[in-house]
Structure formats: structure tokens, C-alpha cells
Amino acid sequence: MLKKLNSEIAVIGIDIGKNSFHIVGQDRRGAIVLRQKWSRGQVESRLANLLPCLIGMEACVGAHHLSRKLTALGHDARLMPAKYVRPYSKGQKNDYRDAEAIAEAVQRPTMKFVATKTAEQLDLQAMHRVRERLVGQRTGVINQIRAFLLERGIAVRQGLRFLRAELPGILATRTDVLSPRISRIVEDLVGDWRRLDERIKGLSGEIETLARQDQGCARLMSVPGIGPIISSAMVAAIGSGDAFSKGRDFGAWLGLVPKQMSTGDRTILGSISKRGNRYLRALFVQAAWVVLVKLGPKQWDRYGLKSWIEAAKKRLHHNVLAIALANKLARIAWAVLHNGRAFECVRVNETASQSA
């Protein structure tokens, strides 16, 4: 069957499943010439016998691995966000129609594709996801300890370090309001907190070591507010940044630009869109707060941000200013990563005097 259709198939859409893949192949005129269901083990072996063609898939779990395999076989494998494929689905949903929609979408010249991640990027991304989960669990444990203490009338100043410092004294001296049972429960939660701290510290140290060894991460860390965690997360997410044509596109992908609802020559801008990578967006917002709060005007001037920040401060709320600065830092970081150069502050008046 495939040998007979080998010369006819020009485009293939693959709907990825856990154990079974639904395949739809089209010829150069767009007519469907292949509609089959393959097991996971059959995909590579059968596509290895086909002439190189365009293959589309949704960017989901396992798609990056399969994309690398198919590219090695000579095919042009492309990944797309699922929400961009959905409009091409006709009729009611089933797996074959999903595969047909993928085959239609991958041929569009204006389609936005997802860059295939390397194995190293996926490893780094996995470490960040595990660390994010552990941080969330630690926050849950801390909130539970605070809630149990508040139920007994014990309030601790907000902040992780204050709770850590006061807990031993509370458990030792406040036996009048803390029963032996609740004291034992809180002690067990403190043990969970300690174990989570150790795991987070270990993962953070491993991520920092990898970031110091990677050239792209080292260049990103020259940008103000960006350290090993943000730089490694950015490299894991976008690689060298080739999927974006300019820094503005990267900022929009992060969701750091206003949501637009414009019509009839009316430009209506709302709150930020919050599209794209939620984890990376939160990290860039934290970097902006670091620049605004911890770095003073002298450091702003060193990085060439002083005039921009002081002008923005006069017209923007401090929360809006943080988002605007996060967008600016993201665009600078993309330029640093894409151009392969460390961040440099070049002053206009200095360059003008040199040229004169």
C-alpha cells in the first residue's frame, strides 16, 4: 500500500496518541490518499520507507522526540500549537479529522511553528518543571503551618524567614495553646519543609552549574536581573531564539503585551494577554522587580536603564512599570541570545563623540 503511494504522498498529518497514531496523507493537489491507524512502533519503520515529505504534528508530549527522529529520516517535520490547528478541523471531532486538520494547517504559509527541542533542552526543562512543583509544594506546606497556628491564635510575621526563625520557639514555649497532637503535626510539616528545601537547593545548584557551562546562558546572565534560573529556563524554552523574528515577538509570546480588541479604526488595549509560557513570564516579572527594588539608580545608569525607568515611573503605576520593564528585559534577552553577544550598554553621546 505505502510503496504504491510512495510517489503520491506530499503531506502527512499525524495525530499523536499514547499507543496509536492516526495518519492522514495528501497528494500535491490536497486529495487524501492515505488514512490509517498505526501503533507507536510502526511510525518510524513505515515512514522510513517513504520519500521525504512534509509532516505536521501538534506540539505535545512526545512530539519533539518524534520530530527529531523523522528529521533524521529526511522528512520536513514541523510542530504547531494545538490552538492554531483547531480552526482547520471540519465537522465533529475524531482522530482522523484531527490528523486531516493537521495536514491542512502545516501547509499554511502564515502558520506559526514550534521549534523542535533537543534532548539537552528537554532535560533542562524537566529540571525546571520538577523544581517548580517542589516550590509549589513547599508553599503549600508553609501555608498549612501558618493556618494551623492561626487557628490557635498564633500569628507570625509574613515572610518565609520569619516563620522559620520563630517556629522552634513557638513549639517549645506555647504549650498552653498547642496540644501535643497539633505540635506533632506541625513538627512533621516542618520536616517536610526541610526535605523540600534540600531537594530545591540540590536542583537549583545543578541548574546553576549547567547554566555556568552553557555559552547562551552565560551571555543571558549579563542582562540585569537575569541569573542562572531565568537564563537556563529561557534556553530550555526557545533554544537560540530562531523561532522569533524579533524581540517584540518573543515578548508577545510570553504574554507581556496588552491584550488587543481593536475594530473600526479603534485601538482598544486591555490588560496583558498572559499567553505563552507562564513559568518564564513569571520569572521575567521577578527579574523586573529585582531591577526596580534591589538595583539603585547607579546600577540603572550602568545598564542604560535609568532615563527609561525614571520617565516611566512618572506615568505608570508601579505594577504596570514592572510588567513594562519585564517586557523590555525579555526583548533584550532575546537579542542577546539570538545575536550571540553579551549585553553591552553603548551610550549615544559617547558613540557620537567618537565618530566626530
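Analysis parameters
Residues numbered from 1 in each chain as written. Predicted model: local features only at pLDDT ≥ 70, side-chain atom pairs only at ≥ 80, totals over all residues. Heavy atoms only, no water. Buried < 20%, exposed > 50% of the residue type's maximum accessible area, 1.4 Å probe, protein only. Helix = DSSP H or I, 4+ residues; strand = E, 2+ residues; numbered from the N terminus. Pairing = 2+ DSSP bridges. Contact = heavy atoms within 4.5 Å. Phe/Tyr/Trp six-rings, centres within 6.5 Å; stacked < 30°, edge-to-face > 60°. Arc of directions from axis to C-beta. Salt bridge = Lys/Arg side-chain N within 4 Å of Asp/Glu carboxyl O.

1. Topic: the pairing of strand S2 (residues 20–26)
Item 1. Of all the 7 residues making up S2, 6 are buried; the element is thus mostly covered by neighbouring parts of the structure.
Item 2. Across 5 bridges, strand S1 (residues 11–15) lies against S2 in antiparallel orientation. Its bridge partner being in S2, Ile12 is matched across the sheet by Gly25.
Item 3. Between S1 and the antiparallel strand that follows it, S2, lie 4 residues.
Item 4. Across 7 bridges, the pairing between S2 and strand S3 (residues 32–39) is antiparallel. Bridging from a neighbouring strand, Val24 pairs with Arg35 of S3.
Item 5. Between S2 and S3, which pair antiparallel and follow one another directly, the connecting turn spans 5 residues, one of which, Gly30, has a positive phi of 95°.

2. Notes on the environment of Lys259
Item 1. Mapped onto the elements, Lys259 comes out in strand S6 (residues 258–260).
Item 2. Placed 149 residues apart in sequence, Lys259 and Thr110 show a C-alpha to C-alpha distance of 21 Å.
Item 3. Residues contacting Lys259, with those up to four places away along its chain left out, are Ile268, Leu269, Gly270, Ser271, Ile272 and Ser273.

3. Regarding unusual backbone geometry
Item 1. One non-glycine residue, Asp265, lies in the positive phi region at around 65°.
Item 2. Tracing the sequence through the fold places Asp265 in the loop between S6 and strand S7 (269–272).
Item 3. Not every positive phi belongs to a glycine, and Lys274 is a case in point at roughly 55°.
Item 4. For Lys274, a relative accessible area of 57% corresponds to the exposed category.

4. Focus: the packing of aromatic side chains
Item 1. One pass over the full model with this rule turns up 5 aromatic pairs.
Item 2. With centroids separated by 6.2 Å and ring planes inclined at 40°, the aromatic side chains of Tyr303 and Phe343 adopt a geometry described as tilted. Of this pair, Tyr303 sits in the loop between helix H13 (297–302) and helix H14 (306–315) while Phe343 sits in the loop between helix H15 (318–339) and helix H16 (348–355), and the two are 40 residues apart along the sequence. Note on accessibility: Tyr303 and Phe343 belong to one class, buried.
Item 3. One aromatic cluster is present, built from ring pairs that chain together Phe244, Phe250, Trp253 and Phe284.

5. As for the environment of Ser273
Item 1. Tracing the backbone through its elements, the reader meets Ser273 in the loop between S7 and helix H12 (278–294).
Item 2. Sequence separation between Ser273 and Lys259 is 14 residues; the distance between their C-alpha atoms is 4.6 Å.

6. Points about the side chain of Arg138
Item 1. Within the element layout of this structure, Arg138 appears in helix H6 (residues 119–151).
Item 2. In this structure Arg138 touches Leu160, Trp193, Leu196, Asp197 and Ile200, once residues within four positions along its chain are discounted.

7. Quick notes on the environment of Thr139
Item 1. Its location among the elements puts Thr139 in helix H6.
Item 2. Each C-alpha atom, one on Thr139 and one on Lys112, is 36 Å from the other, the two residues being 27 residues apart in sequence.

8. Side note on helix H3 (residues 63–72)
Item 1. Ala63, His64, Leu66, Ser67 and Leu70 are the residues of H3 that are buried. Down the axis of H3, the sector holding all buried residues measures 160°, keeping them to one side.
Item 2. Packed against the buried residues of H3 are S1, S2, helix H2 (40–47), strand S4 (54–58), strand S5 (76–80) and H6.

9. As for the pattern of salt bridges
Item 1. In the structure shown here, the tally under the stated rule is 12 salt bridges.
Item 2. Taking the shortest distance from any N to any O, the salt bridge between Arg138 and Asp197 comes out at 2.7 Å. Within this pair, whereas Arg138 is found in helix H6, its partner Asp197 is found in helix H8 (residues 180–213), the two being separated by 59 residues in sequence. Like Asp197, Arg138 is buried.
Item 3. For Asp192, the salt bridge is made with Arg195, and the minimal N-O distance between the two is 2.3 Å. A residue pair is termed a helical-turn pair when its members lie 3 or 4 positions apart in one helix, as Asp192 and Arg195 do in helix H8 at 3 residues.

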